[in-house]
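Summary of structural features
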Amino acid sequence: MAIRYLIVAISIISTLNTFAQSILSGKCGKELKSTIADFYRPTQITTSVIGSDGAWNVFYKADATSEGYILNRYSATSIKIPDDNVSPAEGMTIDGVVHSSYWGEGSTYSDTVKYDLHNLLPCDIIVPQQKRDYPIGIISDTLYTNGVWAMGIGEISDTETNFFSPPKGYEGDFARIVMYMATLYPIDWWYGRATTIFSDNNYPTLNTYARNILLQWHDSDPVDDIERNRNEVISSIQGNRNPFVDYPELADYIWGDKSQEPYIPETNREKIPLKAIYTLSEERIDLYSPYIPENVVWKINGEIVETDHLTPAQLGIGIHELRYHSSSVKGKLLIEIAQ
């Protein structure tokens, strides 16, 4: 029965993803962003913290390690998941990546943004005390850090302001959360520190400063299995997904170089065969060749590749070794990333 349920769940998710791509296809910029906002709205919000339907129960499924610990992105400390799987983890709390006060108490979204699980993460109790309502950004003068994340002073438009810097190794994860919140909950009037990174409009919503750093983090720290699993779990509870995890390329069609181009889903995109030399500015490296079977496992510099492509910016300038293998074939390629 459990296997049948899993197959049905996978089938439903696959159907929804296919439908999502079909309604987004051909749209760009403002229209693409507003279409995502309409289609990806949560269908059910969990307002409780503990219990079988509470936030902590979700986190123990979405943010659990294989050793039975809660994944704490803000700290190197490992905390064991409670035996009941519903109580808060010892010494931990919940905090929103984007502070809910930005929408104001009277906003259409004021209640929903407080409980949207895609924006909430388990963290040490000290995190909200130090992070407060500061926006995400680049810090030049650190006022607090535990070696994993930091809070301090940064500069935007020649003006100093408070920022928090995302945990090391999770910059892309945090960028995609902010993109999600900016896309699903745009308003005409932001409150408090929101105006540091948000503009008073439905498009592009993210100001130039935010667009630049978030796209940079988004590209340099690609989606991984941790994010994909989290997306699946929250989708099963809340009824919606983070589209920037499913389709990372969407960010470029909304805020990047392709904002004037119609969105072409990856499934409809023609793959470009591997070549010997790429430039750092090229969009992607498709792990594809008409002379190599499609079912091979790829490795780059000894590390298994979990996607069907790489990005030159991710690899960096230099010579890189690509290996592939299956039960019937194996081989090696060298590619160069040039300036």
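Shown above is the structure to which this text applies.
Residues numbered from 1 in each chain as written. Predicted model: local features only at pLDDT ≥ 70, side-chain atom pairs only at ≥ 80, totals over all residues. Heavy atoms only, no water.

**Description of the pairing of strand S14 (residues 330–338)**
Selection rule: What makes two strands pair is DSSP finding at least two bridges between them. Every helix listed is a DSSP run of H or I at least four residues long, and every strand listed is a run of E at least two residues long, numbered separately from the N terminus.
Pairing of strand S8 (residues 277–279) with S14 involves three bridges; the strand directions are parallel. Looking at the pairing, tyrosine 278 lines up with isoleucine 337 of S14. With eight bridges joining them, strand S13 (residues 318–325) and S14 adopt antiparallel strand pairing. The residue of S14 that forms the bridge with histidine 320 is isoleucine 335. Two successive antiparallel strands, S13 and S14, enclose a turn made up of four residues.

**Topic: the sheet that holds S8**
On the basis of which strands lie adjacent, the open sheet formed by five strands has the order S8-S14-S13-S10-S11 and mixed pairing. Two strands bound the open sheet, and with one partner strand each, they are S8 and strand S11 (303–304). Both strand S10 (residues 297–300) and S11 contribute to a ladder of two bridges, which runs antiparallel. Across the sheet, residue lysine 299 finds its bridge partner in S11, namely isoleucine 304.

**Looking at the side chain of threonine 205**
Put simply, the rule is: Whether two residues are in contact is decided by their heavy atoms: any pair within 4.5 Å suffices.
By secondary structure assignment, the location of threonine 205 is in the loop between helix H6 (171–184) and helix H7 (208–220). Ignoring any residue separated from it by four or fewer positions in sequence, one finds threonine 205 in contact with Lys33, Ala182, Pro186, Trp190, Ile197, Phe198 and Ser199.

**Topic: the pairing of strand S4 (residues 120–124)**
Put simply, the rule reads: The buried label goes to any residue with under 20% of its type's maximum accessible area, the exposed label to any with over 50%, and the partly exposed label to all in between, with areas taken from a 1.4 Å probe on protein chains only.
Among the five residues of S4, five are classified as buried, and the element is accordingly described as predominantly covered. Relative to S4, strand S3 (residues 92–96) runs antiparallel, the two being bridged by five bridges. Bridge pairing in S4 places aspartate 95 opposite leucine 121.

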